[in-house]
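# Examination of the molecular architecture
Residue-level listing of the chains:
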Amino acid sequence: MPAVPKHCLAFGHGAAENARRMKCVFVSHTHWDREWYRTFEQFRARLVDAVDRVLELLARDPGFRFLLDGQVVVVEDYLAVRPARKRDVERAVRAGRLAIGPWYVQPDSLLPSGEALIRNLLEGRRAGSKFGGTSRVAYTPDSFGHPAQLPQILVGFGLQPFVFWRGAGDELDRLPAEFSWVAPDGSAVQAHHLSEGYFSAADLPRDPRAAAARLERVAQRLRARTRNECVLLLNGIDHALPDPHTAAVVEELARCTGWRVERGLLEDFAREIQTPAPEFRGELLGARAANLLPGVWSSRLPWKLRNRRVEMLIEAWAEPWSAIARHLRLCDETPAVRRAWRRLLENQAHDSICGCSIDRVHEQMMARYDAAEELARETVQRVLERMAGLGVERRTPGGPQWEVAVFNPSPHRRSDLVAVSLDPHPWWEIGGEAEGGMQVHPLLAASALAEGFTADGQPVRAIPAAEGQRVQALPGRAPRDVEFVAVDVPAFGWRRVRLLASEAHPEVEDAGTEIARGALAVRAATDGTLAVQFGDRSYAGLCGVEDVADRGDTYDADPIPDRELALERVEVRRRRHPSGILTLCVRRVFSAPSGLAPDRQARAGERVPVVLEVEARLIPRVERVDLRVSIENNARDHRLRLLFPTGAPAVEFAAAATFDIARRPTAPRQGRGWVHPAPRTFPHHGFVSANGLTVAAPGLPEAEVTPAGVIAITLLRAVGWLARADLRTRPQLAGPPIPTPRAQCLGRTETRLALFGELDPRAVRDAEVGLWAVVAGEVPAVPAGRSMLEIEPRELLWSALYLAASGGSVLRVLNPTDGELHARIRVGFPIGGVSGVRLDESPCEFLIERSGDEIRFRVPAHALRSLWLHPPRGRLRGAQDHWKRGSLTARVACESSRSDSL
């Protein structure tokens, strides 16, 4: 009998029975950040090496299996430069030896919108199907925290379990490694916490005996936290090449411990933990066992503002109007919308959207944002112009007057400000025999030469066109656009407005400090802050400024509250336009320390100007205060926040969260015993509301509400390092120490906020998505005045309308309240039927009642409900003809096949 190795004796004979039950699933993997401390192409060069080696090992070692980080995009990245290996990859995936997905891109969980997370999983499934399918395990190893509604998303895709590392807090004191994570709507997903990280078996010694000794100690620690007799050993780390010695290591570990040890994938581990588990409810924003890195919520905010703008452009405009266009048989924009999403999703990986990569990475991200935004915008323009009657060529009609179609992307009638781009196509006209040659299009000529314009006889406001992005046909006369208030635009419909060149309608500008309309009033104080009146409720000191030094990095703030900004000058101007638009402009010039002193313990003595401009606007028929905020930042190493005092202490407040409205306490979390101190800030998805005041700040995701009732929105956080090892707010290094001068966010940043005197999520979304206007033709594809989609009651929020993979479209609503809502939906475009579906578009069971153009169903508290609107059958003469049907009641069973139900 061979001698037992010394390192195996620690297991002991008394645990022999336990040894027979104990099992280890050993998973080889690599965590692949597509870009981070190197650029995408630099990392792709290493990815090629890694996957080449993986495929070699798969061919040489029959027992070798590999997890390719839970994302499909890296397969596409690899095959773009190794196309000849596609069959090898596909063979390995179909054989269950190479795991990809379910994500298209490993995302940050908190910063992308909920719909973006869903599109990520949908695109992962679609892209992964080309290679043999995706994993059913929700593997998210390194995202910096997770929202409370993530279980509802994962259940909607049939993903189990959720495997994660960061985000666990004090709940670890009572929870084993496996627990049931329950979303606010009651959806539950089994979760597995990686208490030893996603690298528990990484960097093993080449000697199998030494490797087995290390793994035995790790496995014993993991075993202490599980109620199952199985532990997960993850053999990999960031950008790791595959370990070729795993067969010998696993054999040695099994021999010296008596455990059952197998090389497998996450699915093999998942089969071992299907047992009842204790429940946990709430978001995962703790740092008990791993760094949370909450400073990423405010790093490189200009990039986050851009992300939000592109998300809303796709979700609120490109997707729904493309879906309606396909139902109307106008055009199929599926490829364009999908391509826009893919470019955006590439920027939503956690090291990308979080702003914690090298400068070159974030420079390249802007090119992707440009591509996604321009593609989405031009797709919307094409669809709306065709709907409005410009036909396939979309030629702009001549003058001297133009019909304008104003579109509303909200499922309810509303009025709002809209801008009209006076940018005809083509910008010239070919003259007749009398004129000869070419001439400037009358609309372009009017944009430069007309003294003013009217919309349905009412004066409109002329505004400068985007500089450098438009044809300037007449030297010295820059083109202009116009804006006006569009009244009573139908729900998901449009109304026609006649635009005509006219005499000038100049704004009156003076040094007044107050604007008012009805129950709304805004007044500028001598210090440049605003006092706002909402009926009988008033708030003072709004848009105050807090500035502190920040010696942190892109992962974490490390504030020094010494000298704040010194206010040097306040300038106030008031503008009143005949259209009724009132504007109050406040310009504050501060002096700030130029940066940190050389020892990084205080701010430097040199001071530089920081200019903050706030433009408050009141719009007729609109019950909110719009704010356009811009900052010209010349200072380094500081954090600047806008303050909104609510006038009273606050114990609790509301904030937009992923697919919900979260209620949060103002008392800070203690975080005793955490490896990373608990943050006072939190991430939000568009608004924060306390004591009746709602501040909408889309794209500025970091906020704090103090017990004194002050809402603080981070407008800028300027730092110069990817990571540093000397932070007082984080004990561990979070990444490589690389200078990132562009993270100082020098120069101009502009954003838009809005203030409301109540909590109305529907009105907040209206303010963000706005209206859209295009020049109309004589024979529109959709009659003006028709509502294409109406949703009631008011508390029920529209979430998505997008092109379904199987034809037709998916309509999704959200109930963010604590009680059940009875949805009433009226559809004004042709459909062939309606069914319930899950988030992954597979059949789902809930009662749907349809009578004529109305659809009714119930939506539980905090739940999403998705409908599949079937494509119309046959050739229809129009939406009204299609809906001349009797009533029906449809119950869709989850057990029915896709072919029967879809």
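Per the secondary structure count, the chain includes 17 helices and 49 strands. Once the C-alpha set of the chain is aligned to its principal axes, its extents read approximately 105 × 75 × 55 Å. Burial analysis of the chain (902 residues in total) assigns 63% to the buried set. Across the chain, the fraction of contacts at a sequence separation of at least 24, relative to all contacts at a separation of at least 6, is 76%. Distance between charge centroids for the chain: 3 Å, based on 119 positive and 114 negative side chains.

Below, the discussion takes up the pairing of strand S1 (residues 23–28). With respect to burial, S1 is a largely interior element, six of its six residues being buried. Here S1 runs beside strand S9 (residues 260–263); their pairing, made up of four bridges, is parallel. Across the sheet, the residue bridging to Cys-24 is Val-261, located in S9. Relative to strand S8 (residues 230–235), S1 runs parallel, the two sharing six bridges. In the strand pairing of S8, Cys-24 is matched with Val-231.

So, about the confidence of the model for the chain. Averaged over the chain, the pLDDT score is 92; the fraction of residues at 70 or greater is 94%. Segment residues 1–15: pLDDT under 50, and 20 contacts once partners within four positions in sequence are set aside and those in other chains are kept. Across residues 875–902 the pLDDT falls below 50, and counting only partners more than four positions away or on other chains, this stretch makes 67 contacts in the model.

Moving on, we get to the nonpolar core. Counting residues in each nonpolar core, the largest one holds 112 residues, and the members touching the most others are Trp-317, Phe-407, Tyr-555, Ile-825 and Leu-867. A total of eleven residues in this core trace back to one element, the largest contributor, which is helix H10 (residues 301–327). With residues up to four places along the chain from it excluded, the contact list for Leu-867 reads Ser-809, Val-810, Leu-811, Ile-825, Val-834, Ser-835, Val-837, Phe-846, Ile-848, Ile-855 and Phe-857. In terms of nonpolar packing, the next biggest core, distinct from the first, is built from 52 residues, Leu-301, Val-522, Val-572 and Phe-590 among them.

To continue, consider the sheet that holds strand S23 (residues 530–534). One open sheet holds the four strands; their spatial order is S21-S22-S23-S24, and the pairing between them is antiparallel. Among the strands making up the open sheet, the edge pair consists of strand S21 (514–517) and strand S24 (537–542). Adjacent strand axes in the sheet meet at a mean angle of 10° when their direction is disregarded. As paired elements, S23 and S24 share four bridges and run antiparallel to each other. Looking across to S24, one finds that Phe-534 is bridged to Arg-537.

Note: most residues except glycine have negative phi, and most peptide bonds are trans. Residue Pro-102 follows Gly-101 across a cis peptide bond; omega there is 15°. Here the bond from His-425 into Pro-426 is cis, since omega is -15°, no more than 30 degrees from zero. Looking at where Pro-426 falls in the secondary structure, it is placed in the loop between strand S12 (414–420) and strand S13 (428–430). The phi dihedral of Arg-621 is positive, around 70°, even though this residue is not glycine. Turning to its location among the elements, Arg-621 is positioned in the loop between strand S29 (607–618) and strand S30 (625–633).

In this section: empty space enclosed by the protein. Summed over all chains, the structure comprises eight cavities of 30 Å³ or more. Taken as a whole, the largest cavity spans an internal volume of roughly 560 Å³. Listed by contribution, the elements that provide at least two residues to the lining of the largest cavity are helix H5 (114–128), H10, strand S32 (652–657), strand S33 (660–665), helix H15 (761–769) and strand S42 (797–803). Of the residues in the lining of the largest cavity, the class split is 16 nonpolar, eight polar and nine charged.

On to the packing of H10 against helix H11 (residues 334–346). Their axes nearest at 10 Å, the elements H10 and H11 cross at an angle of 165°. As summarised for this structure, H10 and H11 are arranged roughly antiparallel, according to the angle between their axes. Read as a crossing pair, H10 and H11 show a hand that is left-handed. Contacts between H10 and H11 involve Asn-307, Val-310, Glu-311, Ile-314, Glu-315, Ala-318, Glu-319, Ser-322 and Arg-326 from the former and Thr-334, Val-337, Ala-340, Trp-341 and Leu-344 from the latter. The residue inventory of the contact of H10 with H11, partitioned by class, reads seven nonpolar, three polar and four charged.

Cut-offs applied
Residues numbered from 1 in each chain as written. Predicted model: local features only at pLDDT ≥ 70, side-chain atom pairs only at ≥ 80, totals over all residues. Heavy atoms only, no water. Helix = DSSP H or I, 4+ residues; strand = E, 2+ residues; numbered from the N terminus. Buried < 20%, exposed > 50% of the residue type's maximum accessible area, 1.4 Å probe, protein only. Contact = heavy atoms within 4.5 Å. Lys, Arg positive; Asp, Glu negative; His and termini not counted. Charge placed at Lys NZ, Arg CZ, Asp CG, Glu CD. Pairing = 2+ DSSP bridges. pLDDT = per-residue confidence, 0-100. Core = buried A, V, L, I, M, F, W, Y, C linked by side-chain atoms within 4.5 Å. Axes fitted to C-alpha atoms, helices over the stretch in contact; angles between N-to-C directions. 1 Å grid on protein atoms, 1.4 Å probe; cavity = no way out; pocket = protein on both sides within 12 Å on 5 of 7 lines; lining within 4 Å. Points joined across faces, edges and corners; volume = space filled by probe spheres on them. Nonpolar A, V, L, I, M, F, W, Y, C, P; charged D, E, K, R; others polar. Parallel < 35°, antiparallel > 145°, perpendicular 65-115°, else oblique. Left-handed = near helix turned anticlockwise from the far one by under 90°.

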